[in-house]
Amino acid sequence: LVKLWDISTHQCIHTFYDHTDIVNKVKFHLDGKSVMSCSADKSIKLWDMRSHQLIQNYSAHIDSVTSISIHPSGNYLLSSSKDSSLKIWDLREG
């Protein structure tokens, strides 16, 4: 699970329950409107922080996704996995 916290009030704003295994990394998108995470469940999730809706689910790795990084343009996501692969995702394509 991924928890979104308000650091000024120390309150949990929302909990995302979409992953089915350990979450390895969480990143905020550069647009400030979405958050993404990668997990041992072999997936990458992208959520809208305001509506709390799942925007996209990426699942092309065959083992745990260990890390994610967003390109400075905000258009691409790089993921790495225990399956020894790197993948580049075009976030504009959905």
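The rules we used
Residues numbered from 1 in each chain as written. Predicted model: local features only at pLDDT ≥ 70, side-chain atom pairs only at ≥ 80, totals over all residues. Heavy atoms only, no water. Helix = DSSP H or I, 4+ residues; strand = E, 2+ residues; numbered from the N terminus. Contact = heavy atoms within 4.5 Å. Pairing = 2+ DSSP bridges. Axes fitted to C-alpha atoms, helices over the stretch in contact; angles between N-to-C directions. Salt bridge = Lys/Arg side-chain N within 4 Å of Asp/Glu carboxyl O. Buried < 20%, exposed > 50% of the residue type's maximum accessible area, 1.4 Å probe, protein only. Phe/Tyr/Trp six-rings, centres within 6.5 Å; stacked < 30°, edge-to-face > 60°.

Draft legend 1. Expanded view of the environment of Leu-46. With respect to the helices and strands, the residue Leu-46 is situated in strand 5 (residues 44–48). Along the primary structure Leu-46 and Thr-15 are separated by 31 residues, whereas in three dimensions their C-alpha atoms are 13 Å apart. Filtering out sequence-adjacent residues up to four positions away, Leu-46 remains in contact with Ser-34, Val-35, Met-36, Gln-53, Leu-54, Ile-55 and Gln-56.

Draft legend 2. Region of interest: the environment of Ile-13. Of note, Ile-13 is situated in strand 2 (residues 11–16). Between the alpha carbons of Ile-13 and Ser-73 there is a distance of 28 Å; along the sequence they are 60 residues apart. Discounting chain neighbours no more than four positions away, the residues touching Ile-13 are Leu-4, Trp-5, Asp-6 and His-52.

Draft legend 3. Quick peek at the sheet that holds strand 3 (residues 23–28). Taken in spatial order, the four strands line up as 3-4-5-6 in an open sheet, and their pairing is antiparallel. Only two strands of the sheet have a single partner each, and these edge strands are strand 3 and strand 6 (54–58). Neighbour-to-neighbour, the strand axes of the sheet open up by a mean angle of 15 degrees, direction not taken into account. Sheet topology places strand 5 next to strand 6; four bridges connect them, and they run antiparallel. Its bridge partner being in strand 6, Trp-47 is matched across the sheet by Leu-54.

Draft legend 4. Layout of the pattern of salt bridges. Under the criterion given, the structure shown has one salt bridge. A salt bridge links Arg-92 to Asp-90, with the shortest nitrogen-to-oxygen separation between them at 3.0 Å. Taking relative accessible area as the criterion, Arg-92 reaches 52% and is therefore assigned exposed.

Draft legend 5. Representation of the packing of aromatic side chains within the structure. Counted under the stated rule, the structure contains two aromatic pairs. For the ring pair Tyr-58 and Trp-89, a centre distance of 4.8 Å and an interplane angle of 50 degrees mean the geometry is tilted. Highlighted residues: Tyr-58 in strand 6 and Trp-89 in strand 9 (residues 86–90), separated in sequence by 31 residues. Residue classification places Tyr-58 among the buried positions, given a relative accessible area of 7%.

Draft legend 6. The arrangement of unusual backbone geometry in detail. Here the phi dihedral of Lys-42 falls at roughly 75 degrees; this positive angle occurs in a residue that is not glycine. Mapped onto the elements of the fold, Lys-42 is located in the loop between strand 4 (34–39) and strand 5. A relative accessible area of 37% places Lys-42 in the partly exposed class. Unlike most non-glycine residues, His-52 shows phi in positive territory, near 65 degrees. For His-52, the location among the structural elements is in the loop between strand 5 and strand 6. On the basis of relative accessibility, which here comes to 24%, the residue His-52 falls in the partly exposed class.

Any functional reading would require information beyond the geometric quantities listed.
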